[in-house]
Amino acid sequence: GPQPTTADLGNLLRRLHQLGQPPVPLPAWQPLGSLRAMIAASRALSEEDSRWLTARCDDLLAAYERLEFGLPAGLIHGDAWRGNLLRDGRRVVLADWDSVSNGPREVDLIPTLQASRFGLPAADQDAFITAYVRDIRAWLGFPVLRQIRELSTMTALLRDAHAAPAARRELEVRIESVRTGDDRR
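Considering the nonpolar core
If you look at the biggest cluster of nonpolar residues, it comprises 45 residues, and the most contacted ones within it are Leu13, Leu145, Leu151 and Leu171. Residues contacting Leu171, with those up to four places away along its chain left out, are Ala44, Leu45, Met154, Leu157, Leu158 and Ala161.

Laid out in structure tokens, this is it:
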């Protein structure tokens, strides 16, 4: 069948977020937890970059603690983006449940709304919002969660950059981009 769309993701997340509490206990969402571990373990970072990224994490976590969320907390996927959608015959399913937890539902919306950074067209973001039926881009907490997601996308690069030249180059680009506030594609 056709590739899953951002509208498919919006529909799935809307349905997921309408569910009650799961029948098993889930961990609380821990923003930047994996990234902080990768920063500490990375063999590719300079001491200066390591200090700067750690301080940036601290700043964002402090800002996160002050946020007031508009959606009720509950079951979240934790890594909900179009790349984690699979087509199963006629239906689309959400895969990669490694980050499932209890947390602010806005977390699941950020990857798609931040994806213009990685080339996702505005029309696809609009289709996602239409399907989810809630737009958080004007919410005061949006920039904080967007920056948390931006840093989180460096986790695999930090893990691989010591052995993979392409990962090292991409990590350097992303660190410079975050440091300078350059949010171009």
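Some details on helix α5 (residues 122-132)
Looking at α5, one finds that the buried residues are Gln125, Phe128, Ile129, Ala131 and Tyr132. For α5, the arc enclosing every buried residue in end-on projection is 165°, short of the 170-degree limit, so these residues lie on one face. In α5, the exposed positions that point more than 90 degrees away from the buried face belong to Ala123 and Thr130. Looking at the packing, one finds that the buried side of α5 touches α1 (6-18) and α4 (106-113). Within two residues after α5, Val133 carries a phi angle of roughly 75°, on the positive side.

Considerations on unusual backbone geometry
At Asp96, a position not held by glycine, the phi torsion is positive, near 60°. Inspection of the secondary structure assignment puts Asp96 in the loop between β3 (91-94) and β4 (101-103). The exposure class of Asp96 is partly exposed, given its relative accessible area of 32%. Look at Val133: it is not a glycine, yet its phi comes out positive at around 75°. Tracing the chain through its elements places Val133 in the loop between α5 and α6 (142-152).

Let's talk about the packing of aromatic side chains
Evaluation of the coordinates by the stated rule reveals 4 aromatic pairs. Arranged with centres 5.4 Å apart and planes meeting at 45°, the rings of Phe69 and Trp139 form a pair that is tilted. In this pair, Phe69 sits in the loop between α3 (47-65) and β1 (74-76) while Trp139 sits in the loop between α5 and α6, placing the two residues 70 residues apart along the sequence. Judged by relative accessible area, which is 29%, Phe69 ranks as partly exposed. Residue Trp139 is classed as buried on the basis of its relative accessible area, which comes to 18%. One aromatic cluster is present, built from ring pairs that chain together Trp29, Tyr64, Phe69 and Trp139.

Rules behind the numbers
- Residues numbered from 1 in each chain as written.
- Predicted model: local features only at pLDDT ≥ 70, side-chain atom pairs only at ≥ 80, totals over all residues.
- Heavy atoms only, no water.
- Core = buried A, V, L, I, M, F, W, Y, C linked by side-chain atoms within 4.5 Å.
- Buried < 20%, exposed > 50% of the residue type's maximum accessible area, 1.4 Å probe, protein only.
- Contact = heavy atoms within 4.5 Å.
- Helix = DSSP H or I, 4+ residues; strand = E, 2+ residues; numbered from the N terminus.
- Arc of directions from axis to C-beta.
- Phe/Tyr/Trp six-rings, centres within 6.5 Å; stacked < 30°, edge-to-face > 60°.

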